[in-house]
Number of protein chains: 2
Amino acid sequence: MKTLYVIKIGGNVIDNSANLHAFLEVFSALEGSKILVHGGGKMATQLSKTLGIEPKMVDGRRITDIETLRVVTMVYAGLINKNIVAQLQLHHCNAIGLTGADGNLVRAQKRPVKEIDYGYVGDLHETSVASKKLGALLEEQLVPVFSAITHDGNGQLLNTNADTVASAIAVAMSADYETSLVYCFEKKGVLADVNDDASLLAEIRSGDFEALKSEGIVADGMIPKLHNAFEAIKNGVKDVYIGKAGDLAELATQSFGTRLLS
Amino acid sequence: MKTLYVIKIGGNVIDNSANLHAFLEVFSALEGSKILVHGGGKMATQLSKTLGIEPKMVDGRRITDIETLRVVTMVYAGLINKNIVAQLQLHHCNAIGLTGADGNLVRAQKRPVKEIDYGYVGDLHETSVASKKLGALLEEQLVPVFSAITHDGNGQLLNTNADTVASAIAVAMSADYETSLVYCFEKKGVLADVNDDASLLAEIRSGDFEALKSEGIVADGMIPKLHNAFEAIKNGVKDVYIGKAGDLAELATQSFGTRLLS
């Protein structure tokens, strides 16, 4: 089985152009099939502010109204996505920038309205990702670069969580590829002591997760992150890496950040 | 040889959402391989105005400064392109939205500075279009939808004339496809009397072009349009149609607008 990396970067990489360029150069050099998924960053918030669009919040949760959807479509699928693609081309990485609407590659459903109407937000399900079509692009030596905009198949674009898009793609591609899912964030990985990079846990097995939680080594925002990672592994993903974008070169020796395994 | 339509729409279709939706439905139903190229429309100008970006003009020509490039990348490659793709998906047309940077499909060079510095504007040349890669997408039953943003291969996006992008794609694809280039504009086609749709010239041969010019039947803005069309034909395109977006269904019977032939 061929190998595949599905790598997700967020605002902390995108908002700093020096970091982003350094990351894209290392990403370009990474051998084998790969897919990049990027989040948004601050640019959409800044543009919304400049355009006088008030952030809509309900119970502390951000709502994607039609105006905000227009902004994120412009910023994520246009400005950020196409500049990433152009940068990758500079490094001879044949990137192709996509949303979930393109090639019907990631189809979502608008989040049902319960207590909160989140607006134009997409949720993914088991058959969201058109893995065969996406595989055909990989076979063409193309490197898909996804912004986290999806569609519902009925003409509506939807704002979607980038971590979720990356995970859904990795799970779906696992049918045909030995797939590693890689989350880049601001820390070196899972740290036993959050203030000490030397306390990095190089590897966590799913069986260790409960113990790490009860010992308080994994806490707060890291709990749902790891939970979702182990869910992806349970659904076919070979391993999940969590680490710092700037360390990406270490993926080649499997020493990047924290590696999660079944 | 397989047939291919390369169809270009401009602001007059894009700015009217009822027209656009009607056009996209007919486009979806068109059989065989097809590529859509879209221009900009008024949205970029409106957004620039809202953001307080002054249009830069030199000798009456519009300049694409770095701020304007950001706006057109957001509006053309993001907002317009992805909404067109989502609409086409609704009609079961498996569209994939692209710029020239994606897949390195259309590489341009920044227009050299002579009397005027046009800024981030791309000019195309004979080897601009990666026709084999684009053909591979068509073979995957995908329908490429291009905004007129290209790149220079060195990480720089460039604003490019949509008519020129459509023509360059049609010429390049003619090596492997029997290619028809279709320009949609606001009139039914070339009219002997501009005020009378019934005076439509159904067909113009390249040999008739000089006579039509000297008789004044083809005048003003139509002269460069037809000149470029006949250049495309000289360079391998089978025929060029010029007509109204709303009449597109007539392409199937080759009775759309004015047909230009060698």
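Thresholds applied
Residues numbered from 1 in each chain as written. Chains lettered and ligands numbered in written order. Predicted model: local features only at pLDDT ≥ 70, side-chain atom pairs only at ≥ 80, totals over all residues. Heavy atoms only, no water. Helix = DSSP H or I, 4+ residues; strand = E, 2+ residues; numbered from the N terminus. Rg over C-alpha atoms; globule rule 2.2 N^0.38 Å. Buried < 20%, exposed > 50% of the residue type's maximum accessible area, 1.4 Å probe, protein only. Contact = heavy atoms within 4.5 Å. Areas by Shrake-Rupley, 256 points an atom, 1.4 Å probe, with all protein chains shown as cover. Salt bridge = Lys/Arg side-chain N within 4 Å of Asp/Glu carboxyl O. UniProt positions renumbered as here; feature names shortened; annotations may be inferred. 1 Å grid on protein atoms, 1.4 Å probe; cavity = no way out; pocket = protein on both sides within 12 Å on 5 of 7 lines; lining within 4 Å. Polar contact = N/O pair within 3.5 Å; in protein donor to acceptor, adjacent residues only side chain to side chain. Buried area = accessible area lost by both parts, 1.4 Å probe. Pairing = 2+ DSSP bridges. Least-squares fit on C-alpha atoms with pLDDT ≥ 70 in both. Axes fitted to C-alpha atoms, helices over the stretch in contact; angles between N-to-C directions.

## Here we look at the overall build of chain A
Thought 1: Across its full length, chain A carries 8 helices and 14 strands.
Thought 2: Taken over C-alpha atoms, the radius of gyration comes to 18 Å for chain A, in line with the 18 Å a tight globule of 262 residues would show.
Thought 3: Taken along its principal axes, the extent of the C-alpha atoms in chain A is 45 × 45 × 35 Å.
Thought 4: Each of the 262 residues in chain A was classed as buried or not, and the buried ones make up 55%.
Thought 5: Once local pairs closer than 6 in sequence are excluded, the contacts in chain A between residues at least 24 apart make up 70%.
Thought 6: A total of about 11,100 Å² of accessible surface is found on chain A, and carbon and sulfur atoms cover 47% of it.

## Notes on the pattern of salt bridges
Thought 1: Scanning the entire structure with this criterion turns up 28 salt bridges over all chains.
Thought 2: Here K82(A) ties to D102(B) by a salt bridge, and the two come within 2.8 Å at their closest N and O atoms. Pair noted here: K82(A) is in helix α4 (residues 66-90) and D102(B) is in the loop between β5 (95-98) and β6 (109-110), and the two residues belong to different chains. For the pair shown, K82(A) and D102(B) are each scored as buried.
Thought 3: Bridged by salt links that share partners, the residues E178(A), K238(A), D239(A) and R259(A) form one connected network.

## Quick notes on the UniProt feature "binding site: substrate" (unreviewed entry) in chain A
Residues and elements named next belong to chain A.
Thought 1: UniProt's entry tags G40, G41, R62 and N159 with the feature "binding site: substrate" (unreviewed entry), counted in the numbering of this structure. A compact arrangement is adopted by the annotated residues: their sequence extent is 120 residues, whereas the largest C-alpha distance between any two is 14.4 Å. Considering only the residues just annotated, the second largest pocket is lined by G40, G41, R62 and N159.
Thought 2: With respect to the element layout, G40 can be found in the loop between β2 (33-38) and α3 (43-50).

## As for the side chain of T64(A)
Residues and elements named next belong to chain A.
Thought 1: With respect to the helices and strands, the residue T64 is situated in the loop between β4 (61-63) and α4.
Thought 2: Here T64 falls in the buried class, since its relative accessible area comes to 4%.
Thought 3: Here N159 takes part through its side chain, which lies 3.3 Å from a polar atom of the side chain of T64.

## Describing the interface of chain B and chain A
Thought 1: On the chain A side, the residues contacting the 39 residues of chain B number 39 residues.
Thought 2: Of the roughly 3,200 Å² buried between chain B and chain A, counting both surfaces, carbon and sulfur atoms make up 66%.
Thought 3: The largest share of the area that chain B buries against chain A comes from M74(B), L79(B) and K82(B), three residues that together contribute 18% of it.
Thought 4: Where chain B touches chain A, the interface holds 4 salt bridges.

## Details of the UniProt feature "domain: Aspartate/glutamate/uridylate kinase" (unreviewed entry) in chain A
Thought 1: Here, the residues flagged by UniProt with the feature "domain: Aspartate/glutamate/uridylate kinase" (unreviewed entry) are residues 5-243 of chain A.
Thought 2: A distance of 14 Å separates the end C-alpha atoms of residues 5-243 of chain A, which is 38% helix and 22% strand.

## Quick notes on the pairing of strand β11 (residues 177-185) of chain B
Along any regular strand, the residues point their side chains to alternate faces of the sheet.
All names here are of chain B.
Thought 1: Within β11, 8 of the 9 residues are buried, leaving the element largely enclosed by the surrounding structure.
Thought 2: Bridge count for β11 against strand β13 (residues 239-244) is 6 bridges, and the pairing is parallel. When the bridges of β13 are listed, F185 appears paired with K244.

## Things to note about the relation of the copies chain B and chain A
Note: a rotation about an axis with an accompanying shift along it relates these two copies of the chain.
Thought 1: Least-squares fitting of chain B to chain A yields an RMSD of 0.0 Å, with the transformation described by 0.0 Å of translation along the axis and a rotation of 180°. What we have between these two chains is a two-fold relation.

## Things to note about the sheet that holds strand β5 (residues 95-98) of chain A
All names here are of chain A.
Thought 1: Taken in spatial order, the 8 strands line up as β5-β8-β2-β1-β11-β13-β14-β12 in an open sheet, and their pairing is mixed. On the outer flanks of this sheet lie β5 and β12 (203-205), each paired with one strand and no other. Neighbour-to-neighbour, the strand axes of the sheet open up by a mean angle of 20°, direction not taken into account.
Thought 2: Relative to strand β8 (residues 143-147), β2 runs parallel, the two being bridged by 3 bridges. When the sheet's bridge partners are listed, V37 is paired in β8 with F146.
Thought 3: Sitting on the sheet, helix α2 (residues 17-29) is in contact with β1 (2-9), β2, β8 and β11 (177-185), with an inclination near 160° to β2.

## Concerning the pairing of β2(A)
Thought 1: Burial analysis of β2(A) places 6 of its 6 residues in the buried class, the great majority of the element.
Thought 2: Side-chain alternation along β2(A) places S33(A), I35(A) and V37(A) on one buried face and K34(A), L36(A) and H38(A) on a second face that is also buried.

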